[in-house]
Amino acid sequence: MKKSMKKERVIRVIQHLLAACIAFVAAVSIAGTSIVIRGLSGDTSYNLYESDNSRSYEDSYLFNNILGNNISDVLRHVAVRSQLETSGFYDDRKKIDVTAYVNRGAALTGDYVTAVYYLSDLLKWAQSGFKYETRSFTDEESANFLNTFSTYTHLKDNRYAGGMNSYLNSQIEGNSVYFAISGNSVPSGGEHTVLLSRYQTVDGKNIEDLVSSWEEYNLICSYVEESAKDLLNNYEEYAKALKYYDYLNTNLRYYITRSINGKTEVFTNVTELMGETTGIDISELFKNYGRYVYYCPYELTYDTNTQLKENVVRSIVKSYSYAYPDQVKIYIGVDTANYGAEDSFIQGRSNFTKYMPGRNALIVVGVMAFLAYLVLMIIYIAGIRPITEDNDVKGMAGPSAPAAAAPVGRIYTEGIVLIGLLIMSVPAAFFALLGKVQGSYGSMVRASYFPYAFAAGAFVASIGFLYMVYSLIRRAREKKAWKESFIRALSVGFKNLIVNTTDNGNVIIRTWIPFVLFVAMNLLLFKAGIPGIIVAVCMDVLVGIYVYRQNLDRDRIIHVIENIKNGDVKAKVDTEGLHGDNINLAEAVNSIGDGIHKAVDTSMKDEKLKADLITNVSHDIKTPLTSIINYVDLIKREEIDNDRVKEYIEVLDAKSQKLKQLTEDLVEASKISSGNISIQMNKINFVEMVNQTIGEFYEKFERSNLQPIFKPDEPVMNVMADPRHLWRVIENLLNNVCKYALPGTRVYMDMHLLQKEGSEDEVIFSIKNISASELNIDAAELSERFIRGDESRTTEGSGLGLSIAKNLTTAQDGTFDIALDGDLFKVIIKLKAAK
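The model shown is predicted, which means the values in this text are computed figures rather than measured ones.

Cut-offs used in this document
- Residues numbered from 1 in each chain as written.
- Predicted model: local features only at pLDDT ≥ 70, side-chain atom pairs only at ≥ 80, totals over all residues.
- Heavy atoms only, no water.
- Patch = residues over 30% accessible without salt bridge, like charges linked within 9 Å, V, L, I, M, F, W, Y side chains within 5 Å.
- Areas by Shrake-Rupley, 256 points an atom, 1.4 Å probe, with all protein chains shown as cover.
- Salt bridge = Lys/Arg side-chain N within 4 Å of Asp/Glu carboxyl O.
- Helix = DSSP H or I, 4+ residues; strand = E, 2+ residues; numbered from the N terminus.
- Buried < 20%, exposed > 50% of the residue type's maximum accessible area, 1.4 Å probe, protein only.
- Pairing = 2+ DSSP bridges.
- Axes fitted to C-alpha atoms, helices over the stretch in contact; angles between N-to-C directions.
- Lys, Arg positive; Asp, Glu negative; His and termini not counted.
- Charge placed at Lys NZ, Arg CZ, Asp CG, Glu CD.
- Expected span 1.5 Å × (residues − 1).
- Parallel < 35°, antiparallel > 145°, perpendicular 65-115°, else oblique.
- Contact = heavy atoms within 4.5 Å.
- Core = buried A, V, L, I, M, F, W, Y, C linked by side-chain atoms within 4.5 Å.
- Phe/Tyr/Trp six-rings, centres within 6.5 Å; stacked < 30°, edge-to-face > 60°.
- Lys NZ or Arg CZ within 6 Å of the ring centre and 35° of its normal.
- pLDDT = per-residue confidence, 0-100.
- Polar contact = N/O pair within 3.5 Å; in protein donor to acceptor, adjacent residues only side chain to side chain.

## Describing a nonpolar patch on the surface
A surface patch of nonpolar side chains, about 410 Å² in accessible area, is lined by Ile 363, Val 367, Phe 370, Leu 371 and Leu 374. Mapping Val 367 onto the fold places it in helix H11 (residues 359-382). Here Val 367 falls in the partly exposed class, since its relative accessible area comes to 44%.

Right under this line is the structure:
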């Protein structure tokens with residue numbers, strides 16, 4: 001075991017060394033692929049090309065790119081010198097035409113309004129700052145503030161031979177003529193912004209003395225401010241570039257001449273060419289420096305021994321065309337014979353000789369080291385075994401290194417990742433700090449020690465990386481990566497918290513405590529910045545998913561409740577997949593459904609038993625009752641002299657007939673309630689049927705001292721109904737009136753047609769009477785079986801008439817309603833009208 005552990009440690013050490021080797025090669029390759037060189041404008045990145053391997057430094061792309069940037073800087077430097085110098089020396093009394101200066105990149109009109117200041121005044125004004133104030137002017141004050149004339153500048157010749165532009169023409173002494181033109185209109189009053197004149201023009205005037213309108217005034221003010229600020233920037237750049245391109249500070253030599261109106265101006269950093277150049281072969285001088293460029297547009301000449309193309313130089317000159325007329329000669333040289341100054345060319349040569357030789361061989365070494373690193377990693381991973389009790393030796397670090405069977409004593413899976421990342425972050429933090437100390441990361445990468453420091457950092461990072469990878473693979477093979485993760489432990493704990501809260505807590509605990517905690521966590525996370533906001537968003541999404549799932553569960557439960565409400569008492573909620581207290585709610589709904597189902601079954605059984613009992617009892621009573629009625633009828637036919645016996649026989653006959661009627665009513669009510677009746681729907685004249693029934697009850701109405709009054713809207717009103725059953729309904733209603741109506745009163749009956757749009761028309765029949773007894777009962781109860789308005793039950797009714805009438809009406813697709821108003825009893829029947 002010890003021998004195996006030693007072998008594994010050796011493999012890891014070799015891998016760390018290979019990682020250092022790879023990092024060393026990468027650092028050298030990166031530094032050799034792109035180098036940073038400090039020039040006039042700061043650090044500039046240059047690429048080292050593979051094709052330069054076979055070239056000398058002066059023939060390489062690197063050298064020519066550096067030369068191109070330096071030519072651009074020199075031509076800009078000379079353009080700035082032309083703005084600030086006279087005869088090759090800085091001139092603070094140089095006159096600046098602000099309109100011509102601002103529009104130096106474009107042509108000027110022949111006559112224009114401007115102001116001419118000394119260069120030093122504009123520079124000092126820009127340093128001090130421009131101040132404005134807003135004033136209110138009347139028309140008179142405005143006219144007094146501005147001049148009545150505008151002073152215009154006229155260029156005698158706006159296009160000289162040599163291709164000079166308007167800006168250069170304005171700089172020629174004696175080429176400008178000034179004249180005044182009266183303003184076309186009186187300047188208007190109102191609020192105007194006025195420039196506080198710190199300095200005056202070369203003629204001792206302010207801007208308002210030169211213009212006659214506010215438009216001209218505002219334009220010249222803007223030109224003065226823009227010119228001053230631009231010249232101040234150029235002045236600061238001028239001082240820096242003058243020192244940078246001093247003969248002793250740079251290996252670049254330049255000699256530039258331009259001819260304006262026959263006068264030649266010279267700009268150079270070569271001391272011997274600053275004076276008289278008679279007898280000096282300038283072209284030969286620059287060729288002797290080593291590398292040179294000569295460009296003369298009016299001679300159509302371009303000569304160089306560098307890789308720079310003519311169009312490159314021409315485009316650079318064109319970008320500063322305001323300073324370079326066609327009559328210009330440009331000599332640029334690099335003293336490659338001596339390299340006497342430490343400048344960008346020396347920096348380039350140093351990097352070129354450092355990185356180009358042996359570059360390919362170094363890359364090959366790096367690739368081989370990388371492949372060896374991968375091979376050793378595969379070998380090591382193949383030797384990792386899951387932890388067993390046999391190899392559980394505490395402290396082992398190789399492939400057989402154990403881990404505790406339980407999380408106790410072991411770190412979480414995320415802890416392994418965190419430790420690995422912390423080790424890897426040590427060199428990263430070191431290089432971040434080192435880059436700040438060096439001033440820039442480019443300077444750090446260019447430092448000679450960087451490849452060695454980078455290799456050492458890779459050695460340390462490899463320790464953390466391999467620890468993390470090997471530990472995670474071992475735990476994955478043990479199938480414990482997720483089981484022993486902190487995220488799982490946190491999610492399980494969070495789940496248990498929610499389950500316990502929703503299952504066992506009261507409403508306040510289940511609602512407000514989680515809500516307050518949720519809001520507090522969101523506020524704290526949002527204060528933590530972007531990472532906290534991301535975590536808060538993720539947490540909000542999880543809570544949203546939880547709420548969505550809870551509502552989804554509730555929808556399933558509500559759907560089942562709706563089914564139960566609609567009569568499907570066997571509907572059940574599937575508790576599989578429900579969460580929290582929704583499970584208890586679903587089980588309660590299922591229990592309610594079961595209870596309703598049992599109650600319905602019991603009620604149906606009871607109803608069936610009741611119907612069977614009534615039918616059987618009625619049948620059993622009917623046979624002896626028929627015999628009694630028959631024998632009573634036979635006795636009545638006998639001649640009986642005893643009056644008392646005759647009275648007894650009459651009572652016996654009446655009661656037996658009443659019992660017979662009651663038995664028939666019971667049987668009929670039982671059939672109706674059980675649906676065991678036949679309905680034959682036909683077209684019936686409802687008015688005629690009511691009249692016929694009233695006629696049949698004429699004697700009963702007479703005996704009860706009642707006056708029936710029937711008022712139909714039409715003589716013929718047809719309905720769809722079963723004639724036999726409809727007659728029984730009317731019969732029961734009239735019987736009910738004769739039994740319970742107050743004698744000596746009228747019984748009102750009416751009938752009318754109710755027309756409906758979009759549905760079938762209805763015929764409405766109503767009957768009203770005054771009850772003889774006080775109606776202390778609910779109207780709905782009167783249509784139930786065996787319910788009578790006469791609580792003393794002294795009348796001959798059975799309590800089944802209205803129930804039978806209602807059930808028969810309903811069976812014919814009609815409605816039967818009872819309304820009570822004090823002692824007023826009213827029945828309303830609605831039947832579908834026949835088409």
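## Describing the sheet that holds strand S9 (residues 149-155)
Reading across from one edge, S6-S9-S10 is the order of the three strands in this open sheet, with antiparallel pairing throughout. In this open sheet, the two strands that pair with only one neighbour each are strand S6 (111-113) and strand S10 (176-182). Taking the axes of each pair of neighbouring strands and ignoring which way they run, one obtains an average angle of 40 degrees across the sheet. Sheet topology places S9 next to S10; seven bridges connect them, and they run antiparallel. When the sheet's bridge partners are listed, Thr 153 is paired in S10 with Tyr 178.

## Some points on a negative patch on the surface
Taken together, the side chains of Glu 638, Glu 639, Asp 641, Asp 643 and Glu 647 define an acidic patch exposed on the protein surface. Mapped onto the elements of the fold, Asp 643 is located in helix H19 (residues 643-674). On the basis of relative accessible area, Asp 643 is assigned to the exposed category, the value being 58%.

## A word on the pairing of strand S16 (residues 328-335)
Successive side chains on a regular strand alternate, one facing one side of the sheet and the next facing the other. Of all eight residues in S16, seven are buried; the element is thus mostly enclosed. Strand direction decides the pairing type here: strand S12 (residues 252-260) and S16, joined by seven bridges, are antiparallel. Each bridged residue has a counterpart across the sheet, and for Thr 257 the counterpart in S16 is Lys 329. In terms of strand pairing, strand S14 (residues 290-296) meets S16 through six bridges, oriented antiparallel. Residue Gly 290 lies in a different strand from S16, and its bridge partner there is Asp 335.

## Description of helix H14 (residues 450-477)
Over its 28 residues, H14 runs 40 Å from end to end, which matches the ideal 40 Å to within 8%, given 1.5 Å per residue. Backbone geometry just downstream of H14 places Lys 479 in the positive-phi region, at approximately 60 degrees.

## Some points on the packing of helix H4 (residues 119-128) against helix H7 (residues 214-244)
H7 packs onto H4 with a crossing angle of 95 degrees between their chain directions and a minimal axis gap of 8 Å. What the angle tells us is that H4 and H7 run roughly perpendicular. On the side of H4, the interface is formed by Leu 119, Leu 122, Leu 123, Trp 125, Ala 126 and Gln 127, while H7 contributes Val 224, Ala 228, Lys 229, Leu 231, Leu 232 and Tyr 235.

## Details of the nonpolar core
Core analysis: the largest hydrophobic core is formed by 83 residues, its most contacted members being Leu 67, Tyr 217 and Tyr 324. The greatest single-element share of this core, amounting to twelve residues, is contributed by H7. What Leu 67 contacts, discounting residues up to four positions off in sequence, is Leu 252, Val 293, Thr 306, Leu 308, Ile 332, Val 334 and Phe 345.

## Thoughts on the packing of aromatic side chains
As enumerated under the stated definition, the model contains 30 aromatic pairs in all. Where Tyr 117 meets Trp 125, the ring centres are 5.9 Å apart and the plane angle is 65 degrees; that geometry is what we call edge-to-face. Since its relative accessible area comes to 0%, Tyr 117 is described here as buried. Ring geometry for Trp 214 against Tyr 217: centres 5.5 Å apart, planes inclined by 85 degrees, an arrangement best described as edge-to-face. Here Tyr 217 and Trp 214 lie together in helix H7, a separation of three residues that amounts to about one turn. By way of ring pairs, the aromatic residues Tyr 255, Phe 286, Tyr 289, Tyr 294 and Tyr 331 are connected into one cluster. Seen from the ring of Tyr 322, Arg 104 lies directly overhead, with NZ or CZ sitting 5.2 Å from the centre. For Arg 253, the ring lying beneath its charged end belongs to Tyr 289, and the centroid distance is 5.9 Å.

## Points about the pattern of salt bridges
For the coordinates displayed, the defined rule picks out 17 salt bridges. Where Glu 299 meets Lys 329, a salt bridge forms, and the shortest distance between an N and an O atom there is 3.7 Å. In this pair, Glu 299 sits in the loop between S14 and strand S15 (301-304) while Lys 329 sits in strand S16, placing the two residues 30 residues apart along the sequence. Assessed through its relative accessible area of 37%, Glu 299 is described here as partly exposed.

## Notes on the sheet that holds strand S13 (residues 263-268)
Pairing in this open sheet of five strands is antiparallel, and the strands run S13-S12-S16-S14-S15 from one edge to the other. The open sheet has two free edges, formed respectively by S13 and S15, since each of these has just one partner strand. Taken over all neighbouring pairs, the strand axes of this sheet differ in orientation by 10 degrees on average, direction set aside. Helix H8 (residues 282-289) rests against S12, S14, S15 and S16 of the sheet, and its axis sits at about 145 degrees to S14. This element, helix H9 (residues 310-319), spans S14, S15 and S16 of the sheet and lies at about 60 degrees to S14.

## Structural notes on unusual backbone geometry
One non-glycine residue, Lys 479, adopts positive backbone phi at about 60 degrees. Mapping Lys 479 onto the fold places it in the loop between H14 and helix H15 (486-504). Of the residues examined, Lys 479 reaches a relative accessible area of 73% and is grouped as exposed. One non-glycine residue, Asp 813, lies in the positive phi region at around 65 degrees. The residue Asp 813 is located in the loop between helix H23 (801-811) and strand S22 (815-821) in this model.

## Let's talk about the confidence of the model for the chain
This prediction gives the chain a mean pLDDT of 82; 85% of its residues lie at or above 70. The low-confidence segment residues 160-164, where pLDDT is below 50, has 17 contacts with residues more than four positions distant or belonging to other chains. For residues 389-408, every residue scores under 50 in pLDDT, and the model assigns this stretch 40 contacts once sequence neighbours within four places are set aside.

## Topic: helix H17 (residues 530-565)
Compared with an ideal rise of 1.5 Å per residue, which puts 36 residues at 52 Å, H17 spans 52 Å between its outermost C-alpha atoms and is within 8% of the ideal. All buried positions along H17 are accounted for by Gly 532, Ala 536, Met 539, Gln 550, Asp 553, Ile 557, Val 560 and Ile 564. Just beyond H17, the residue with positive phi is Gly 567, at close to 110 degrees.

## As for the side chain of Arg 253
Residue position: Arg 253 is located in strand S12. The exposure class of Arg 253 is buried, given its relative accessible area of 4%. Looking at Arg 253, its side chain comes within polar contact range of the main-chain oxygen of Thr 250, at 2.5 Å. Setting aside residues up to four positions removed in sequence, Arg 253 forms contacts with Tyr 247, Asn 269, Val 270, Phe 286, Tyr 289, Tyr 331, Ile 332, Gly 333 and Asp 335.

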